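Each chain, written out:
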Amino acid sequence: MNISSARLLAIESSCDDTSAAVLQDGLILSNIVSSQAIHAKYGGIVPEVASRMHQENITLVVDAALLKAGVELSSMDAIACTAGPGLLGSLTVGISFAKALALSLDIPFISINHMKAHVLSHFIDDPKPAFPFLCLTVSGGHTQIVLARDYNEMEVLGQTRDDAAGEAFDKSGKIIGLSYPAGPEIDRLASLGNPVYPFPIPQIDGLDFSFSGLKTAIMYFIRDEVKKNPDFITQHLNDICASIQHAIVEILARKILTASKHYGINEIGIAGGVAANSGLRKRFTELGKEHKWNLYFPAMQYCTDNAGMIAIAGYYQYLEGNFSSLDTAPFVRGMD
Ligand code: KG4
Ligand code: ZN
């Protein structure tokens, strides 16, 4: 068998999306994602509910990925699956399923780090960044700047000390009465307003992030304004959203600018659900022009949690013969 001619089934279940993808020779043939809308009514992800939903969905999602790709399960060369970081119960469903498949088909099992896979989502479609590149991964669960030297050689340069960027959108949105997840709605309303309220940008040394101070500042600001004018939120909703978005985007932009200057790297990738934010795209595009960056945004289906990125990460491990033991356990935190 030619090792570069690999056919992989990949599974992702680290949080609230059950996903399966099929990859052939580095190309994604299918990428099926089943998102769990049920969490919206609780205002956030309920881990126990998430793992139960993964159990209900996983067989259907894997079957759909095989069907869309037009391939048989028995034709796979390896099974790749997220081992962490993520929610333990959610990860356990995917990894148990993946290991059982690898065992029964007698093919290699490849354990994948979810954060590395977000970085490698840039290698699914063209244009692809050149190494070394800096990746900002921003979602409801993560905020990280990673220096990728190669497909399998990455260093975390900075990460959030408290909330993730998407969480900052969602929690700020909750304060002003928006439903979960508030990020897309803040984005939409922000485009109708102006960032007239100067929320604080935390000054943190190095490349780490912090969003909890911003959340608290928004909370007190809204409390004080509503005391003076009970209709403040409804009357100024667009400007409030524009101000929240401006502050979050500015926190992200300043750190990536610092990282780019410090490491002398102008290949910059943005991954994760928050990469959909139009204010972020506009600001990064402006910065990119000013500082001569080559900017990369994966297609949205590969930005939010998906098995396509697990498949591409699995492919590069497969090429190196980097297989995992069936004893591999899920892990909650960490890059390795
Ligand atoms: O990657 P993702 O789908 O799931 C994980 O969190 O892993 O990201 C979801 C997050 C949520 O916090 C959501 O509010 C945020 O991404 N988000 C956005 C936008 N679209 C999704 N935040 C700001 N603007 C958007 N357009
Ligand atoms: Zn993720």
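Every value quoted in this text rests on a predicted model; they were computed, and no experiment measured them.

Engineer: Could you give an account of the site of ligand 1, with specific residues and numbers?
Structural biologist: Looking at ligand 1, there are 16 residues lining it, with Gly-140, Asp-170, Asp-187, Asn-277 and Asp-305 nearest. Between Gly-166 and ligand 1, the recorded distance is 3.2 Å, taken from a backbone N or O atom to an oxygen atom. The side chain of Asp-187 places a nitrogen or oxygen atom 2.9 Å from a nitrogen atom of ligand 1. Compared with its free state, where it exposes 540 Å², ligand 1 has 87% of that area covered by protein. Of all elements in the fold, only helix 4 (165–175) and helix 5 (183–190) reach the threshold of two or more residues within the shell around ligand 1. Class assignment for the residues of the shell around ligand 1 results in five nonpolar, eight polar and three charged.

Engineer: Give me the lowdown on the environment of Tyr-42, citing residues and values where you can.
Structural biologist: Relative to the assigned elements, Tyr-42 resides in the loop between strand 3 (27–35) and helix 1 (47–69). Sequence separation between Tyr-42 and Tyr-180 is 138 residues; the distance between their C-alpha atoms is 8.5 Å.

Engineer: Which residues make up the coordination of the zinc ion (ligand 2), and what are the values?
Structural biologist: Protein-derived coordination of the zinc ion (ligand 2) comes from His-114 (NE2), His-118 (NE2), His-142 (NE2) and Asp-305 (OD), at a distance range of 2.1 to 2.3 Å. The coordination sphere of the zinc ion (ligand 2) comprises four donor atoms, whose angles at the metal cover 93 to 158°; the geometry is irregular. Sequence spacing among the residues donating to the zinc ion (ligand 2) works out to H-x3-H-x23-H-x162-D. Of this pair, His-114 and His-118 both sit in helix 3 (residues 114–120), four residues apart, which is roughly one turn of the helix. Judged by relative accessible area, which is 0%, His-114 ranks as buried.

Engineer: Tell me about the domain arrangement of the chain, and please be specific about residues and values.
Structural biologist: Segmenting the chain into domains produces domain 1 (7–119 + 303–319) and domain 2 (127–297). When each unit is reduced to the centre of its C-alpha atoms, the spacing between domain 1 and domain 2 is 27 Å. Listed per partner, the contact involves 15 residues of domain 1 and 16 residues of domain 2. Both sides together, the interface formed by domain 1 and domain 2 hides about 1,400 Å², and carbon and sulfur atoms give 70% of it. Broken down residue by residue, the surface that domain 1 buries against domain 2 is led by Met-115, Val-119 and Tyr-316, which jointly contribute 43%. Linking domain 1 with domain 2 are zero salt bridges, by the criterion used here. Mapped onto the side of domain 1 that touches domain 2, the elements with two or more residues apiece are helix 3 and helix 10 (307–319). The greatest single-element share of the side of domain 1 that touches domain 2, amounting to five residues, is contributed by helix 3.

Engineer: Explain the pairing of strand 6 (residues 133–138) residue by residue, including any values.
Structural biologist: Burial of strand 6 is extensive: six of the six residues sit out of reach of the surface. Burial along strand 6 is two-sided: Phe-133, Cys-135 and Thr-137 facing one way and Leu-134, Leu-136 and Val-138 facing the other are all buried. As paired strands, strand 6 and strand 7 (residues 143–150) are joined by six bridges and run antiparallel to one another. Counted as the bridge partner of Leu-136 is Ile-145 from strand 7. Across four bridges, the pairing between strand 6 and strand 9 (residues 267–271) is parallel. Residue pairing across strands places Leu-134 opposite Ile-268, the latter belonging to strand 9.

Cut-offs used in this document
- Residues numbered from 1 in each chain as written.
- Chains lettered and ligands numbered in written order.
- Predicted model: local features only at pLDDT ≥ 70, side-chain atom pairs only at ≥ 80, totals over all residues.
- Heavy atoms only, no water.
- Near = heavy atom within 4 Å.
- Polar contact = N/O pair within 3.5 Å; in protein donor to acceptor, adjacent residues only side chain to side chain.
- Areas by Shrake-Rupley, 256 points an atom, 1.4 Å probe, with all protein chains shown as cover.
- Helix = DSSP H or I, 4+ residues; strand = E, 2+ residues; numbered from the N terminus.
- Nonpolar A, V, L, I, M, F, W, Y, C, P; charged D, E, K, R; others polar.
- Donors = N, O, S within 2.8 Å, 3.2 Å for Na, K, Ca; no water.
- Tetrahedral: all angles 85-135°; square planar, octahedral: opposite > 155°, others 65-115°.
- Buried < 20%, exposed > 50% of the residue type's maximum accessible area, 1.4 Å probe, protein only.
- Domains from an automatic or database assignment.
- Contact = heavy atoms within 4.5 Å.
- Buried area = accessible area lost by both parts, 1.4 Å probe.
- Salt bridge = Lys/Arg side-chain N within 4 Å of Asp/Glu carboxyl O.
- Pairing = 2+ DSSP bridges.

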